[in-house]
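Take a look at the letters that make up each chain.
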Amino acid sequence: MDVLRTIRALRERNIGVLFEKEAVDTRSMNSELILAFHSAFSQSESESIRENVRRGLHMAYAQGTVTIPSNTYGFC
């Protein structure tokens with residue numbers, strides 16, 4: 001939602017954004033739909049990675065194989 005909100009705010013000011021990797025130009029009519037798909041896919045991928053990391057940490061905790069790097073600063 002943040003991406004679409006930002007693109008709409010820029011469009012109101014006649015500012016277009018070109019996403020080279022995805023070949024999306026926000027000045028075209030179908031760009032919002034394409035950006036919505038890309039954004040949803042990216043969010044889903046991020047959530048999947050987060051869940052995999054969380055699951056891996058839980059497994060490591062259960063097996064007692066978690067190590068804390070020696071260069072860790074702050075509170076643990």
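Since the structure is predicted, the reported quantities are computational estimates derived from the model, not experimental observations.

**What to know about the pattern of salt bridges**
- One pass over the structure, following the stated rule, counts six salt bridges.
- With a closest N to O distance of 3.0 Å, Arg5 and Asp2 form a salt bridge. Here Arg5 pairs with Asp2, and both are found in helix H1 (residues 2–12), just three residues apart, close to one helical turn. The same class applies to Arg5 as to Asp2, namely exposed.

**Topic: the side chain of Thr26**
- Relative to the assigned elements, Thr26 resides in the loop between strand E2 (24–25) and helix H2 (31–63).
- Judged by relative accessible area, which is 3%, Thr26 ranks as buried.
- Within the structure, the side chain of Thr26 is placed 2.6 Å from the backbone nitrogen of Val17, a separation counted as a polar contact.
- With residues near it in sequence (within four places) discarded, Thr26 still touches Ile7, Arg11, Ile15, Gly16, Val17, Phe19, Ser31 and Leu35.

**With respect to the environment of Arg27**
- By the secondary structure assignment, Arg27 is in the loop between E2 and H2.
- As for Arg27 and Gly56, which are separated by 29 residues in sequence, their C-alpha atoms are 42 Å apart.
- A distance of 2.8 Å separates polar atoms of two side chains, one belonging to Arg27 and the other to Asp25.

**Looking at the side chain of Ser31**
- Checked against the element boundaries, Ser31 lands in helix H2.
- Judged by relative accessible area, which is 1%, Ser31 ranks as buried.
- In terms of polar contacts, Ser31 uses its side chain to reach the backbone carbonyl oxygen of Thr26, at 3.3 Å.
- In this structure Ser31 touches Arg11, Val24, Asp25 and Thr26, once residues within four positions along its chain are discounted.

**A few points about unusual backbone geometry**
- Of note, the phi angle at Asn14 is positive, near 60°, even though the residue is not glycine.
- Along the chain, the position of Asn14 falls in the loop between H1 and strand E1 (18–19).
- On the accessibility criterion, Asn14 (74% relative accessible area) is exposed.
- Unlike most non-glycine residues, Ala23 shows phi in positive territory, near 55°.
- Here Ala23 lies in the loop between E1 and E2.
- Of the residues examined, Ala23 reaches a relative accessible area of 65% and is grouped as exposed.

Conventions used here
- In every chain, residue numbers begin from 1 and rise along the written sequence.
- Given that this is a predicted model, residues contribute local features only at a pLDDT of at least 70 and side-chain atom pairs are listed and counted only at 80 or more, while totals for whole chains, interfaces and linings are drawn from all residues.
- Side-chain numbers here rest on the full set of heavy atoms in the structure, without hydrogens or water.
- Any carboxyl oxygen of Asp or Glu within 4 Å of a side-chain nitrogen of Lys or Arg constitutes a salt bridge here.
- Only runs of H or I of at least four residues qualify as helices and only runs of E of at least two qualify as strands under DSSP, and these elements are numbered from the N terminus.
- Each residue's exposure class comes from its accessible area (1.4 Å probe, protein chains only) as a fraction of the maximum for that residue type: buried when under 20%, exposed when over 50%, partly exposed otherwise.
- Throughout this description, a polar contact denotes any pair of N or O atoms lying within 3.5 Å of each other; where both atoms belong to protein, one of them has to be capable of donating a hydrogen while the other can accept it, and for residues adjacent in sequence the pair is counted only when both atoms sit in side chains.
- The criterion used for residue contact is that any of the two residues' heavy atoms lie within 4.5 Å.

The values reported here are purely geometric and, on their own, carry no functional implication.
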